[in-house]
Structure formats: C-alpha cells, structure tokens
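Summary of structural features
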Amino acid sequence: MNQLNLSTLQSLLPEAKFHNTESISSVSFTGLTSLSLANTNEISFVAAKTFVNDAKTCKASLLIVSPDIVDSLTEKALIIVPKVELATAKIIRQFFPEKQPSGKHSTHIVLDPSAKIGSNTDIGHFVTIGKDSVIGNDCIIEDGVKIGDRVHIGDGSRIGKNCVFFDDTIVGKRFIVFGNSSFGGDGFGFVYAEGKHNKVPQVGRVVIGDDVEVGSNCTIDRGALTDTTIGNGCKFDNMVHIAHNCKVGDHVIIAGQSGLAGSVTLGNNVIIGGACAISDHLTLLEGTIIAGGSSLRTSPKTKDVYIGWDLGLTFPEFQKYRVNIKNIVNLNKWLKRIENVEKKVGIETKES
Amino acid sequence: MNQLNLSTLQSLLPEAKFHNTESISSVSFTGLTSLSLANTNEISFVAAKTFVNDAKTCKASLLIVSPDIVDSLTEKALIIVPKVELATAKIIRQFFPEKQPSGKHSTHIVLDPSAKIGSNTDIGHFVTIGKDSVIGNDCIIEDGVKIGDRVHIGDGSRIGKNCVFFDDTIVGKRFIVFGNSSFGGDGFGFVYAEGKHNKVPQVGRVVIGDDVEVGSNCTIDRGALTDTTIGNGCKFDNMVHIAHNCKVGDHVIIAGQSGLAGSVTLGNNVIIGGACAISDHLTLLEGTIIAGGSSLRTSPKTKDVYIGWDLGLTFPEFQKYRVNIKNIVNLNKWLKRIENVEKKVGIETKES
Amino acid sequence: MNQLNLSTLQSLLPEAKFHNTESISSVSFTGLTSLSLANTNEISFVAAKTFVNDAKTCKASLLIVSPDIVDSLTEKALIIVPKVELATAKIIRQFFPEKQPSGKHSTHIVLDPSAKIGSNTDIGHFVTIGKDSVIGNDCIIEDGVKIGDRVHIGDGSRIGKNCVFFDDTIVGKRFIVFGNSSFGGDGFGFVYAEGKHNKVPQVGRVVIGDDVEVGSNCTIDRGALTDTTIGNGCKFDNMVHIAHNCKVGDHVIIAGQSGLAGSVTLGNNVIIGGACAISDHLTLLEGTIIAGGSSLRTSPKTKDVYIGWDLGLTFPEFQKYRVNIKNIVNLNKWLKRIENVEKKVGIETKES
C-alpha cells in the first residue's frame, strides 16, 4: 500500500476544493477507511448527511465531503467534491494501485504458433492460447486461463485465473474478469424429434464491447446463428448467465446470480438486481430497473422500476401489494364474511 | 466453414422434397441464416406460417419449409420437410462440421500409469487423469480438464476446458460438457450434534447415461450412500445444480440456473425451465413441465405444466392468478368495503 | 473400502450399547447401506420409528438404532446410540477412510520462491502458488488449483481441483472445498458518474474461519474497504455466492444456489435453504431459518422460520397463505360479489 500526501491528492482531484488543510500539508496519509474505523493520518468520507455526527467525532485527519455538508464540518480538514463516492474510489486506487503488466510470459504455457500476443502483456502459468487467437497489448492473462481458437482479447484486459474462452469469442478493450468464468460455450438449443432432443449447432459468437467487467463463475454463451452481444461499459457480478442471442446494450448492470434466457434484449443503462430471471425473448427498455429477486415473464411496457415474481408490478404497486400479503393469509375468512353478508341480504350464495 | 451444393443437401435429407431447384443446381451455397439476414446463395428457413411474407421478400436462394406453406411460396426454390428445425440443424452442421479427434496427446499432461486412453482420443494441454480411470475412443478432452481416480468417460465424448471429475464418476457415450463444470463433488450432508455440523461421508457416485449434454459451470454431486443417476439423452444448460441422490430419467431438459435439491426423482421427458428450484425428495412424473422461474415445494400430482412460486398452480390456474394480482394491490380497500357492508346490514364486525 | 469387525465398532462408538451381538462377533462387515439394500454381513440404520417394520425384514446383520425403538427389535443385533445419524456417519467413514496426504509435490507446479508449504502437504499437478503465500501442514491441494499472493490456507485443508484463490485470501484450518470455486475476486462496487460505471477498488479481503466446507462452483468476494468474513464451522453447498462485506457467523448452513448480497450479516447457526436470495445489508438473527426458494428483502425481526417471495411471513403464516392461493385465482369473482352486495344494500359502488 502506498502513502499519499496532500499535493498528490490535489493533483488527483483537480475539481476538488481543499478546506482547512494547512495544518496537514506535510502529513503522509496511510489509508482511507470508514468513519468509525479511521485513525489519525487516515482519510475518511461522508457518504450522506446522516453521517455528519459520526464525521464530527471521527479521528480521520481528512474528510471527503459534498458541498452541502461543508457548513456542518467547517472545523475539519475537508476535500469538497461534487461526487463523494467517485473521489473516494480515486483515492483508494492511489493507496492500492492496480497490478501492472510487465510483458512476462511463463515458460509453462502452450501458445499455438499462429497466436499473437501484444506487447507488455503478461501470460501466467499453465495458460493455453489456440490457433489464430490475438491477445492485445498491456494485458494480464492469469494462471490457468484456457483460450481457444480465433479468440480476440482487447488491449489492457485482465483475465482472471482459470477462465475459459471457447473458439471465436471476441472481447473489447480493458475487459476485466475474475475466476472460473466461461465464455463462448454452446447456447442451449435442441429440437425434439424422433424421440430425442437433437442438437441445433450453435455457430454464432460471443462479442463483448470495451470496458466490460465480469465477476467469477459467470457464463456467456455463443449465439445460435447470429452473435450474443454485450455492449460497452457493462458490469456483471458473479454467477451471471447470459444465454445465446442476447443483445445487451451499453452500461448495463447485472448483479449476482441473475440470468438472461435466450434472445433477451436489454437497452442501454438497464439495471438488473441479484437473483433475477428474465424469460426468453423479452425486451427491457433503456434505463429499466428490475429489483433483486424478481422473475420476469413479460416485457415491461415502460422504463420503470419493476419487482416481484412475475407480478408485472411497478415498485409503488408492489409496495401496496406487500401490505396486502397479510390479508391473503386470512383471505378465506374474508370470503366467508362475503357469503354471510350475501345470505343476510338475500343474495343466493353460489360457487365462486 | 464449408460450402454445400444441392446434391449434398439431397443426400443429407433423403426424406425432403426439393421444389423449383433446377435453376440453382450448380450454386455453391455459402451459409444458412435467418430470413432477414440471408443473401443470394444462402439458405434460409421458414419456422412458422407467420414468416411467409418475410420469406417472399427474402434474398435467400433456397428456403426450408414445411408442407403446409408450400402453396404460398411456389415461385421460390424450396426444401420441403416435415420438421423444418431438424432439417435446418442438419444443414448448419454441414456448414460447420464438428471438430474431430485425431488421437493427439499433449506432452503437457499427467496420466497415471494405470489410466487407459482409448484410440483416436485427443488429450489437451495441462490435463490430469488419475488412477484406474478409463477414457473411451474418439473423445476430445480439452485443455485443463482434471480427472480423478476410477473415472470412466464413454466413447465419442467431448469434455470442455477446465471441467473437473472427482473420483468414481461414470459417464456414458457421446457426453458433451462445456467449461468449468464439476462432477462428483461430495453431496451436502451434515448431522448437527455436539454443537457443530458433522459431515456425513458421501460415498455414492455420479452415474450419467449416454448422449447427455451439460453446459458450463454446472455441478452434479455424488450420492450419499447410493448413486446420483442421470438417464440417457438428458440436456442441461449452464449453472444447473443436481444434488446428491437425485434420480433423473431419460431425455430430461433442465434450463439455466435451475437446481434439484437432494433425492429428487424426475421421470422421463421432464422439462424444467430456467431459474427453477425443486425441493428435496420431490417426484415429477414423466412428461411434467415446470415453467421457468418456478419454485416447487410439493410433488405435482399430475403430468401437467406447473408454474409459480410454490403455488401448486397449473398453467391455466396461474393465468387467472396473474389477472388477480392487481386486485391484491388494493385488497385492503376491498376488505374495508366488506366491513362497511356488514355494518350496513347489521352484521357485527369482528377481527378477521 | 475397508472391512470392519465388532471390536472396531466398539472402539469407534464408546457411548454405544451393543445388544444381541454375540453371534456376530467374528463377522467381517462389508459395508453400510439403507435397510432395503443391505445384505447379510452389512450394517444398516433405523433413521426413525416409521422404519421399524422395514428393519424387521431387513437382511442386515447389524442395525444402528436409538434407545426408543430397541423394544421393537430385540431379536436383532443392535448398536444403540443416542444419535443414529452421527453413529452412522462415523461407521461409513471407517469403511471409506478419507484420503490422507503424504507430503508429495508434483513436479509440474510453479511455487513462488517466497511461498511456504507445510509438512506432509500434497501439491497436485499444474498448481501455482504466489508470493508470500502460506499453505499449512497436512493439506491436500488438488490438481489445477491456482493460489495468488499472500494467501493463507490452514492446516489439514483439502482444496479441490481447479479452485482459485485471489490475493490476500485467508482460510482457517481443516477447510474443505470441491471444484471450480473462486475466493477473493473483487466485490461488485461501482459509482455511476460521467456517463459510466466507475469501479470502486475492492481492497478488503476474504477471511474464513476453521472447519468450513464449501461445495463446487461457489464464489466468495473480497470486501470493499473491510473484510468479508466467514465464521467457524460454516457449511456451504454448491454455487453459493457471498458478496463483499458480508459477515457470516459460526456454524451457518447455506444450501445450493443461494446468495448473500453485499453487507449481509448472519448470526451464528443461521440456516438458509437452497435457491434463496438475501438482499444487501440485511441482518438475520442467530438461529434464524430461511426456507428454500425464499427471497428476503427485509430483516426478520425475530429468530424464526421464514419463507416465501419477500412475504415477510413466518412458516405458520405461510401455511395459511398457501391455502389461500386458490382463492386468489378467483379473487375477481369475489370482488364482483362484494359489489353486488353493496348494490343490494344501497351502498354506492366506487372505484376500488
């Protein structure tokens, strides 16, 4: 871990205003952590107004704050920025710089003679790279990665341990993936005939844009006839499954253990929470949000926040729904009361 | 990718009728794709009647159709077959033939001296095969596969990169699996005693039939005392989990991210959609269908289509249920109306 | 598989009473299996009173029983123990002893010179171990495992094939994990700003206690600023996902395909069934049980059994809820009946 001083922070955050920092101009900051854990010579951050009191009693020598809470903390040394989380992320990165490639290739690898490896790219131990595959410059290919034929990995990518890339997978620049993820396996396509499930050859590819990050143990399948495509800037958590022929727009977020069935189309900036299941052939409009744990069977008509088990409910409707769940528990008693009333007023009770 | 001509197609599909194909008898077809993407010298297919108009304006030189839509397309060159998808799959396979093994063994492998490898089987780089394991003929074991002791893999199998097989796993012929799947790990069995969870040894095996295909990142656990068994012709998508002691029949389909808890029994030809959870010890009768996103806590009594969160609803019931979800959102208002009516007619309102 | 005799069993189970075992004192027992499968010279067990009749007709030479059913089986040879499952587990382990390490290191490995490997620890083929990592004594590191820098693995651990450990992951003693699991990948943290999702560096670690067992294809992510922690004695099934900053207590059970979103806190002895989704920042009190297939969006207030799709229902409430699902299917008809009654008694029907 690095140490940082004030002038480094000033260069890092040119948009920031530094308040009351004269007395700490020669401090070597040793880390950045939460208000409750921070000690002298550490930096902390005030994520929201509700933490102002914690900030007042916090031991950190320097606080990252937004302009609207400066007045409550004038006696503290402050870094005033429009977006606290973004500045915080930038400073953490200074303390913990990313590993940089050095162009080192393990001797325990098998590269096909036709494979091309860019300059300054690291190749870890027990990696294999197949025929006509191309790895860009400044990449880190970690130990145990297995890359098939005609795979392209863009410049500046980091491929985590034991990930596999089947033939023809195309990945853009600055791709990040963690461990044991699988790209370009066959889509799930069969025709039932003659008493068995006959395989439909899956001859499309996986094509991933730039600046995409994928977690551990994810799977993205190749298309059937056309490609499965992932746009730029998408971020997928662990155990995300993208089936064949999905078309995912730019800057889409998908949290852990969620999956898209075949031929789903996601507009730009869609956000899907964790443990969601999106049925095949659905379309989500740009900016649609699906709350975690939801299962979607029909395409939402509007760009909205949706939630629930195939409820087709927007978030405000869901909140009312949730209040009524306790009423469902006793619904049979209520229905009996309807029958009693009908009897009382002389309506003939019939089977409902 | 291969090119194909008419006589090759005629040999491939002896049951097909070729209509109006005289003028294209010398064409080299360059591919098969969808109606909207197909160009001259490409083949396309009409999956259903609703696509007849697209077919009329499509540029493809040859269309695969079913007998019932021939009359709408008489001016086109046609391949008339009873099952359009099956013929389409066969033709795609001709354009993109499967990789064939050539009997090549990487020199970067570790085979136990007692392991037996069949003839014409490829062994990729960084593969390990343990004691007394047997790999059949004509298999492709891709890079990074790790096979334990006493594992059997049947003839004609394709084992994808970085899959692992724990000891004693038995796999039939023509098995296909993609990347990072795990077979034969211990089932999840513990006895709580003396303040902790004590492991119950899992000494059964995984036994898989012929012609099974499994996706990427799946897990099939060994049985506790007896075996976990998978029948012939089953097809599992990515991230499918089969727990210990399950008995899966023949030709069962399980889509992505679905799981069977321990000791589930599935009859032949069961279909389970994606993201389903089947509770332990349930039995699904032959041909039962569970819609995607369902969670099943009780064994359905009939061979039917089931759906929903532990609703025990058949598909027609579910459709009515779904209509009523909007009524649940306002259920508390309706219950108030029942109370008002009771008051009006002189029924004493009591706590429901 | 070993064979066992009576005196071995007596030493193994000092707390047991042996009844009517004189005639089998010289038998070599060949296995332990279920009542219906057991043969002469095999051992079986009576898991509950309901199996007493099966026990009477069973061929096993020796039965493990609890004291309350001895009277029904006096003519049989019995091992009488307070906890039948625990004794059964101990005897199975005698028949199938665990693999023991022998201190063998494959020559096909890459250990950083600074890595330390304990005594009597096996290192399988194609394993890599990074800078300053420490592997304890008496471990088995199976083929294909990839271990980063500054990772600690405690004494007596078994690391399954192709698992990956990213930098700084700390694992206690007697850890068990099966295939293709990933530890210490980055947590899923981004700040949306300037039109894209900006990565928040994840600089916490994964810290796992003693006696933890993890299945195949699981993922446990490193914390953002502080650590993700797993207590002692936890047992996780396959495809379990633990997100960044979770704090999991001791002896927690999580069944297959369940996941914890970020910053979830689980008390000791929590049990989470399969296919559950626990939303971020929730807290489950010690001993709370979440039934399989549940999705939790709010922290339960009590230590209880919870169930359902974000229903916030306890198990008894859920049972009433479930009865009422059939009423929801026809709810619109019931609401019409309310309107009819209102009309009849002269209440003006308004939009509900």
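- With an unreviewed UniProt entry as reference, chain A is termed UDP-3-O-(3-hydroxymyristoyl)glucosamine N-acyltransferase, source organism Leptospira kanakyensis.

1. What about the interface of chain C and chain B?
- Contact residues are listed per partner, giving 71 residues for chain C and 73 residues for chain B.
- Between chain C and chain B, a total of about 5700 Å² is buried, with carbon and sulfur atoms accounting for 66% of that surface.
- The tally of links between chain C and chain B comes to four salt bridges.
- The residue Lys199 of chain B makes a salt bridge to Glu213 of chain C at a minimum N-O spacing of 2.9 Å.
- Counting across the interface, chain C meets chain B through 25 residue pairs in polar contact (both at pLDDT 80 or more).
- If you list the elements that add at least two residues to the side of chain C that touches chain B, you get helix H3 (84-95), strand E25 (235-236), strand E28 (253-254), helix H4 (315-329) and helix H5 (331-344) of chain C.
- By residue class, the composition of the side of chain C that touches chain B is 31 nonpolar, 26 polar and 14 charged.

2. Remarks on H3 of chain C
- Taking 1.5 Å per residue, twelve residues should reach 16 Å; H3 of chain C reaches 17 Å between its end C-alpha atoms and fits that length.
- Among all positions of H3 of chain C, only Val84, Leu86, Ala87, Thr88, Ala89, Ile91, Ile92 and Phe95 of chain C are buried.

3. Side note on the packing of aromatic side chains
- Following the criterion strictly, the structure yields 18 aromatic pairs over all chains and no others.
- On the numbers, 5.9 Å between centres and 80° between planes, the contact of Phe178 of chain A with Phe166 of chain C is edge-to-face. Placement of the pair is Phe178 of chain A in the loop between strand E17 (176-177) and strand E18 (182-185) and Phe166 of chain C in the loop between strand E15 (164-165) and strand E16 (170-171), with the two residues belonging to separate chains.
- Taking the centre distance of 5.3 Å and the plane angle of 75° together, the rings of Phe188 of chain B and Phe190 of chain B count as edge-to-face.

4. Things to note about the sheet that holds E18 of chain A
Residues and elements named next belong to chain A.
- Taken in spatial order, the ten strands of this open sheet run E6-E9-E12-E15-E18-E23-E26-E29-E32-E35, and their pairing is parallel. Every interior strand has two partners, whereas the edge strands, strand E6 (110-111) and strand E35 (295-296), have only one.
- By the bridge criterion, two bridges tie E6 to strand E9 (residues 128-129) in an arrangement that is parallel. Opposite Val110, over in E9, you have Thr128 as the bridge partner.

5. Remarks on the interface of chain A and chain C
- On the chain C side, the residues contacting the 72 residues of chain A number 73 residues.
- Interface of chain A and chain C: buried area, both sides summed, is about 5700 Å²; carbon and sulfur atoms make up 66% of it.
- Applying the counting rule to chain A against chain C returns 25 residue pairs in polar contact (both at pLDDT 80 or more).
- Among the elements of the structure, helix H3 (84-95), strand E25 (235-236), strand E28 (253-254), helix H4 (315-329) and helix H5 (331-344) of chain A are those that each provide at least two residues to the side of chain A that touches chain C.
- Tallied by class, residues from the side of chain A that touches chain C come to 31 nonpolar, 26 polar and 15 charged.

6. Concerning the pattern of salt bridges
- Scanning all chains against the criterion turns up 36 salt bridges over all chains.
- Here Arg222 of chain B and Asp168 of chain B are joined by a salt bridge, their closest N and O atoms 3.2 Å apart. Here Arg222 of chain B, found in the loop between strand E23 (219-221) and strand E24 (228-230), pairs with Asp168 of chain B, found in the loop between strand E15 (164-165) and strand E16 (170-171); they are 54 residues apart in sequence, far enough to count as distant. Each of the two residues, Arg222 of chain B as well as Asp168 of chain B, counts as buried.
- With a closest N to O distance of 2.7 Å, Asp186 of chain C and Lys199 of chain C form a salt bridge. In this pair, Asp186 of chain C is assigned in the loop between strand E18 (182-185) and strand E19 (190-193) and Lys199 of chain C in strand E20 (residues 196-199), connecting sequence segments 13 residues apart.
- For Lys199 of chain C, a relative accessible area of 22% translates into the label partly exposed.
- Three or more residues joined by partner-sharing salt bridges are found here, namely Lys99 of chain A together with Asp149, Arg150, Asp167, Asp168 and Arg222 of chain C.

7. Some words on the relation of the copies chain A and chain C
- Expressed as a screw transformation, the operator carrying chain A onto chain C has a rotation angle of 120° and an axial translation of 0.0 Å, and the superposed copies differ by an RMSD of 0.1 Å. Viewed as a symmetry operation, the transformation between the two copies matches a three-fold axis.

8. Focus: the side chain of Glu213 of chain C
- Structurally, Glu213 of chain C can be placed in strand E22 (residues 213-214).
- By relative accessible area, which is 5% here, Glu213 of chain C ends up buried.
- Within the structure, Glu213 of chain C has its side chain in polar contact with the side chain of Lys199 of chain B (distance 2.9 Å).
- Aside from chain neighbours lying at most four places away, what touches Glu213 of chain C is Phe190 and Lys199 of chain B together with Ile176, Phe178, Cys234, Lys235 and Phe236 of chain C.

Rules used throughout
Residues numbered from 1 in each chain as written. Chains lettered and ligands numbered in written order. Predicted model: local features only at pLDDT ≥ 70, side-chain atom pairs only at ≥ 80, totals over all residues. Heavy atoms only, no water. Contact = heavy atoms within 4.5 Å. Buried area = accessible area lost by both parts, 1.4 Å probe. Salt bridge = Lys/Arg side-chain N within 4 Å of Asp/Glu carboxyl O. Polar contact = N/O pair within 3.5 Å; in protein donor to acceptor, adjacent residues only side chain to side chain. Helix = DSSP H or I, 4+ residues; strand = E, 2+ residues; numbered from the N terminus. Nonpolar A, V, L, I, M, F, W, Y, C, P; charged D, E, K, R; others polar. Expected span 1.5 Å × (residues − 1). Buried < 20%, exposed > 50% of the residue type's maximum accessible area, 1.4 Å probe, protein only. Phe/Tyr/Trp six-rings, centres within 6.5 Å; stacked < 30°, edge-to-face > 60°. Pairing = 2+ DSSP bridges. Least-squares fit on C-alpha atoms with pLDDT ≥ 70 in both.

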